[in-house]
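Residue-level listing of the chains:
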Amino acid sequence: MTESSNILIHELSDRQILVKLGGFIKTTRLQQNKTQQQIAEIAGVNRSTIVQIENGSGATMLSFIQVLRALEQLHLFDSFQAKQIFSPLLLAKQDLEKRKRASVKNQLKSKKPPSDW
């Protein structure tokens, strides 16, 4: 996506975004040549839920996920995974804190037999 399309999506109202999501669901369903009833049965929701989602009337997040699963579109959530970004300075600091040598004192203590008293 280009930066200009990102700006446009930010300018949409919540209702307009729901309509876009519903349009995606409907288009995907039709491309797969499936009826609303077929998707509803696979997803385990009522057909009226599919109608609501496709019309942009909204639904619960759970229903939306169930419909995406029925359409085999869960891969869309891959972009929601948080990616850990490492700071070069933090990595350098952690590298300095790593042990460089084994301690002889600790090894000797662990080899001593336990005391009898």
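Here, residues in each chain are numbered from 1, in the same order as that chain's written sequence. With pLDDT at 70 or above as the cut-off, local features in this predicted model cover only qualifying residues; side-chain atom pairs require 80 or more to be listed or tallied, and sums for whole chains, interfaces and linings still use all residues. Remark: hydrogens and water are excluded; side-chain values derive from all non-hydrogen atoms of the structure.

Participant: Before we go on, may I ask you to explain the overall build of the protein chain in this structure?
Facilitator: Counting its secondary structure elements, the protein chain contains seven helices and zero strands. For every residue, the accessible area (1.4 Å probe, protein chains only) is compared with the maximum for its type, and the residue is labelled buried under 20%, exposed over 50%, or partly exposed between those bounds. Counting across all 117 residues of the protein chain, residues that qualify as buried make up 19%. We call two residues contacting when some pair of their heavy atoms lies within 4.5 Å. Contacts spanning at least 24 positions in sequence make up 51% of the contacts within the protein chain whose residues lie at least 6 apart. A run of DSSP states H or I qualifies as a helix once it reaches four residues; a run of E qualifies as a strand once it reaches two. Both are numbered from the N-terminal end.

Participant: Quick question: what am I supposed to make of helix α2 (residues 14-31) here?
Facilitator: Quick reminder: α-helices carry 3.6 residues per turn. Residues three or four places apart thus point the same way. For a helix, the expected span equals 1.5 Å multiplied by the number of residues minus one. Spanning 18 residues, α2 covers 26 Å between terminal C-alpha atoms, matching the ideal 26 Å at 1.5 Å per step. Buried residues along α2 sit in contact with α3 (36-43), α4 (47-55) and α5 (61-70). Positioned one or two residues after α2, Asn 33 has a phi angle of 55°, which is positive.

Participant: Got a minute to help me understand unusual backbone geometry in this structure?
Facilitator: With glycine set apart, most residues show a phi of negative sign, and most peptide bonds adopt trans. Phi angles above zero are rare outside glycine, and Asn 33 is one such case at about 55°. Of note, Asn 33 is situated in the loop between α2 and α3. You can call Asn 33 exposed: its relative accessible area is 69%. You will see that Glu 72, though not glycine, has its phi angle at about 55°, which is positive. Note on placement: Glu 72 falls in the loop between α5 and α6 (88-97). Relative accessible area serves as the criterion here: at 65%, Glu 72 is assigned to the exposed category.

Participant: Before we go on, may I ask you to explain the side chain of Arg 29 in this structure?
Facilitator: With respect to the helices and strands, the residue Arg 29 is situated in helix α2. For Arg 29, a relative accessible area of 7% puts it in the buried group. The residues contacting Arg 29, other than those within four sequence positions of it, are Lys 34, Thr 35, Gln 36, Ile 39, Glu 54 and Leu 71.

Participant: What is the right way to read the packing of aromatic side chains from this model?
Facilitator: Each aromatic pair joins two rings of Phe, Tyr and Trp (for Trp, the six-membered one) with centres within 6.5 Å, and gets the label stacked for planes under 30 degrees apart, edge-to-face for over 60, and tilted for any other angle. Considering all chains together, one arrives at one aromatic pair under this definition. Pairing Phe 77 with Phe 80 gives two aromatic rings, centres 5.5 Å apart and planes at 40°, and the pair type is tilted. Residue classification places Phe 77 among the partly exposed positions, given a relative accessible area of 26%.

Participant: Which parts of the structure should I look at to understand the packing of α3 against α4?
Facilitator: When two helices pack together, their arrangement is given by the angle between their axes and by how far apart the axes lie. Between the N-to-C directions of two axes lies an angle of 0 to 180 degrees, each axis being a line fitted to C-alpha atoms and, for a helix, fitted only over the stretch in contact. Direction vectors running N to C along α3 and α4 enclose 110°, while the axes themselves pass 8 Å from each other. Between α3 and α4, the angle falls in the class roughly perpendicular. In this structure, the crossing between α3 and α4 has a hand that is right-handed. Packed against α3, whose contacting residues are Gln 36, Gln 37, Ile 39 and Ala 40, the element α4 presents Arg 47, Ile 50, Val 51 and Glu 54 at the interface. For classification purposes, an angle smaller than 35 degrees is called roughly parallel, one larger than 145 roughly antiparallel, one from 65 to 115 roughly perpendicular, and anything else oblique. Here is the rule for handedness: rotate from the far helix to the near one, and if that takes an anticlockwise turn smaller than a right angle the crossing is left-handed, while a clockwise turn gives right-handed.

Participant: Is there a simple way to explain the packing of α2 against α4 in this structure?
Facilitator: Taken N-terminus to C-terminus, the directions of α2 and α4 make an angle of 120°; their axes are 6 Å apart at the nearest point. As judged from the angle between their axes, α2 and α4 are oblique. Two secondary-structure elements touch here, α2 through Arg 15, Leu 18, Val 19, Gly 22, Gly 23, Ile 25, Lys 26 and Arg 29 and α4 through Ile 53, Glu 54 and Asn 55. Here the residues of the contact of α2 with α4 are counted per class, giving four nonpolar, three polar and four charged. The classification used treats Ala, Val, Leu, Ile, Met, Phe, Trp, Tyr, Cys and Pro as nonpolar, Asp, Glu, Lys and Arg as charged, and all other residues, Gly among them, as polar.

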